Amino acid sequence: MAEKVAGPEIEKLVQLLAKLPGLGPRSARRAALHLIRKREELLAPLAEAMRVAHERIVVCSVCGNIDTSDPCTICRDARRDESILVVVETVADLWALERAGLLNARYHVLGGVLSPLDGVGPDDLAVASLVTRVRAGETREVVLAVNATVDGQTTAHYIADVLAPSGVKVTRLAHGVPVGGELDYLDEGTLAAALERRTAF
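All of these numbers come straight from a predicted model, not from anything done at the bench.

(A) Quick peek at the sheet that holds strand β4 (residues 105-109). Strand order in this open sheet of 4 strands is β4-β3-β5-β6, and the pairing throughout is parallel. Of all strands in the sheet, those with a lone pairing partner are β4 and β6 (169-172), marking the two edges. The mean inter-strand angle of the sheet, taken between neighbouring strand axes irrespective of direction, is 25 degrees. Against the sheet, helix α7 (residues 150-163) touches β3 (81-88), β5 (141-145) and β6, its axis set at about 170 degrees to β6.

Laid out in structure tokens, this is it:
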């Protein structure tokens, strides 16, 4: 059995880093060693940034985004189009759409997707607050920007059904061949969606 080569503090740092997505034990060890080597340049500022984040980051009570203020920066932005509400699964999806810079809309973070196998139902997601926001009357279109997974599409259909009585226009992101994609490398589901939603040239 291998003996520990570092003190408990370093081992704890490695174990915590290994819990981050994309980092296994080896990557976590390398990251820990790099942080320790660059203690003044990286470790100290990172520790301070994490302390500040822990103290100040809150979940927006309006849309579910995370920020250091409530309502968040996006919800406070008066230049945003109040009539379009983009529904996403997670904050990561919201940030991805913002990076693209294609919409100047409002957002609503569900906090996941419906997944009966995992015990996630409508009450576990921010569906009720979405309905309340739509009923407030400013929203003309709800864009369902959920992932093209089985659970994502199930969630999209559920939300469309729930919002149907409100009369709001419900749209979803197009599915199909990605820009730069080669047909030979696409799965059957993607090809089927592309053919089903083909448009005039």
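Following the structure, the description resumes.
(B) A look at a nonpolar patch on the surface. There is a patch of nonpolar side chains on the surface, built from Ile57, Val59, Ile66 and Trp95 and spanning about 360 Å² of accessible area. Along the chain, tryptophan 95 turns up in helix α5 (residues 91-100). A relative accessible area of 42% places tryptophan 95 in the partly exposed class.

(C) Structural context of the environment of valine 179. Summarising the element assignment, valine 179 is placed in the loop between β6 and α8 (188-196). Taking the C-alpha atoms as reference, valine 179 lies 37 Å from leucine 46; in sequence the two are 133 residues apart.

(D) Representation of the packing of helix α2 (residues 25-37) against helix α3 (residues 39-56) in the model. Axis separation between α2 and α3 bottoms out at 6 Å; the angle between their running directions is 110 degrees. One way to sum up the angle between α2 and α3 is to call them roughly perpendicular. From α2, His34, Leu35, Ile36 and Arg37 reach across to α3, where they touch Arg39, Leu42, Leu43 and Leu46. A class-by-class count of the residues in the contact of α2 with α3 yields 5 nonpolar, 1 polar and 2 charged.

(E) Region of the structure containing the side chain of glutamine 153. Structurally, the position occupied by glutamine 153 is in helix α7. What makes glutamine 153 buried here is its relative accessible area of 15%. In this view, glutamine 153 contacts Val146, Asn147, Ala148, Arg172 and His175; residues no more than four positions away in its chain are not counted.

How each quantity is defined
Counting starts from 1 at the beginning of each chain's written sequence and moves along it residue by residue. Only residues with pLDDT of at least 70 get local features here, since the model is predicted, and only at 80 or more are side-chain atom pairs given and counted; chain-wide, interface and lining totals rely on the full set of residues. Calculated side-chain values reflect all of the structure's heavy atoms, with hydrogen atoms and water omitted. We treat two strands as partners when DSSP finds at least two bridges between them. Helix numbering and strand numbering both begin at the N terminus, where a helix is a DSSP run of H or I of at least 4 residues and a strand a DSSP run of E of at least 2. Axes here refer to lines fitted to C-alpha atoms; in helices the fit is confined to the stretch in contact. Angles between the N-to-C directions go from 0 to 180 degrees. When checking whether two residues touch, look at their non-hydrogen atoms; a contact exists if any pair is within 4.5 Å. The patch calculation keeps residues exceeding 30% relative accessible area without a salt bridge and links them within 9 Å when they carry like charges or within 5 Å when they are nonpolar (Val, Leu, Ile, Met, Phe, Trp, Tyr). Reported accessibility uses the Shrake-Rupley method at a 1.4 Å probe radius. Residues are deemed covered only where the shown protein chains occlude them. A pair is scored as a salt bridge if a Lys or Arg side-chain nitrogen falls within 4 Å of a carboxyl oxygen belonging to Asp or Glu. To sort residues, take the accessible area from a 1.4 Å probe on protein chains only and compare it with the maximum for the residue type: under 20% means buried, over 50% means exposed, and anything in between is partly exposed. Oblique is the label for every angle not falling under 35 degrees (roughly parallel), over 145 degrees (roughly antiparallel), or within 65 to 115 degrees (roughly perpendicular). Gly is placed with the polar residues, together with every amino acid not listed as nonpolar (Ala, Val, Leu, Ile, Met, Phe, Trp, Tyr, Cys and Pro) or charged (Asp, Glu, Lys and Arg).

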